[in-house]
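# Geometric and topological summary
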Amino acid sequence: MEELTTNDGTRLVYRDSGGDGVPLVMLHGWGQTQEMFRHQVRGLSPARRVITLDLRGHGLSAKPRHGYRIARLARDVRELVDHLRLECFDALGWSMGVSVWWSFMDQYGTGRIRRFVAVDQPAAVAAVPWMTPAEQREAGAIFDVAGLLELGGALAGPDGERVLQEFVRGMFSGPTDPEVLAFVAGQVTSTPSYAGVPLLFDHCAQDWRDMLPRVDVPTLVIGCEGSHVSPDSQRFVARRIPDASLHVFPADVASSHFPFLENPPAFNAVVEKFLAEAV
């Protein structure tokens, strides 16, 4: 593990596998850690340089009392790639990590990104009132604004730990490997509620539909049958991003929000095939 300190004094912990070739920078989701990608670090790094990061407030990184917004996390990632002097890299985001990359592209452009992999993230998580029912469905909205406020309040309340574990359990469907579930449930405890709740609100309040047509690098969108994120929302994302490819894992391959943990060989093969294609 290595560290860098951001311009606002926050210590971030990252892992760099080293090696040759185009680096792959991987960003985890809300409440999780870079350990989500432990099978990818091992499975992909023999052929490429893999870089993972604990976002602020997560994992081994510092947990200050400020900066829990998607835009600030994107700034942190910009500082990481600057720190590592990456002028050309591949980007992979999962869940909230996709939103961080969309914010990165929105603010800093795509000039340094060679290829982009977006894993299981709706274009808009909260169904705001000014979206039509059809727009809410195609964007992949998971709950309405009232539901988001209720969840945030419950996570910040005295029974927050139980609510958090139920929230995580809801990201799995069908038969679940108890070791995978226990691992995910353990990792999510690293983020304190004072960090997680405002970040979840900011993350879920974003609407990235206008950003999708401006993603002008080769893109692979990955969905998963059985995830709490509708595969139809991933089809929508793939349609809106110019010339994007789509891969939806069937339920007999992976049946949760965590295909990279459930079936690492299948996930790694899809990602490696896409990254190996000539631009």
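Below is a short write-up of the structure. (Residues numbered from 1 in each chain as written. Predicted model: local features only at pLDDT ≥ 70, side-chain atom pairs only at ≥ 80, totals over all residues. Heavy atoms only, no water.)

A few words on the overall build of the protein. The number of helices and strands found in the protein is eleven helices and ten strands. In terms of C-alpha radius of gyration, the protein reaches 17 Å, essentially the compact-globule figure of 19 Å for 279 residues. Seen along its three principal axes, the alpha-carbon backbone of the protein occupies a region of about 45 × 40 × 40 Å. When the 279 residues of the protein are sorted by exposure, 56% land in the buried category. For the protein, the share of sequence-separated contacts (at least 6 apart) that also reach a separation of at least 24 residues comes to 74%. (Helix = DSSP H or I, 4+ residues; strand = E, 2+ residues; numbered from the N terminus. Rg over C-alpha atoms; globule rule 2.2 N^0.38 Å. Buried < 20%, exposed > 50% of the residue type's maximum accessible area, 1.4 Å probe, protein only. Contact = heavy atoms within 4.5 Å.)

On the surface, Val145, Leu149 and Phe201 cluster together into a nonpolar patch covering about 260 Å² of accessible area. For Leu149, the position within the fold is in helix H5 (residues 145-156). For Leu149, a relative accessible area of 52% corresponds to the exposed category. (Patch = residues over 30% accessible without salt bridge, like charges linked within 9 Å, V, L, I, M, F, W, Y side chains within 5 Å. Areas by Shrake-Rupley, 256 points an atom, 1.4 Å probe, with all protein chains shown as cover. Salt bridge = Lys/Arg side-chain N within 4 Å of Asp/Glu carboxyl O.)

Here we come to the pattern of salt bridges. Under the counting rule described, the total for this entry stands at 22 salt bridges. A salt bridge links Glu166 to Arg162; its shortest N-O distance comes to 2.6 Å. Placement of the pair is Glu166 and Arg162 together in helix H6 (residues 160-169), with a separation of four residues, close to one helical turn. According to the relative accessible area criterion, Glu166 is partly exposed, its value standing at 47%. The partner of Asp232 in a salt bridge is Arg235, and the shortest N-O contact between them spans 2.6 Å. Residue Asp232 and its partner Arg235 are located together in helix H9 (residues 231-240), separated by three residues, close to a single helical turn. Looking at Asp232, the relative accessible area reads 48%, which means it is partly exposed. Given the relative accessible area of 29%, Arg235 is considered partly exposed. It is possible to trace a salt-bridge network through shared partners that takes in Asp8, Arg56, Arg72, Arg75, Asp76 and Glu79.

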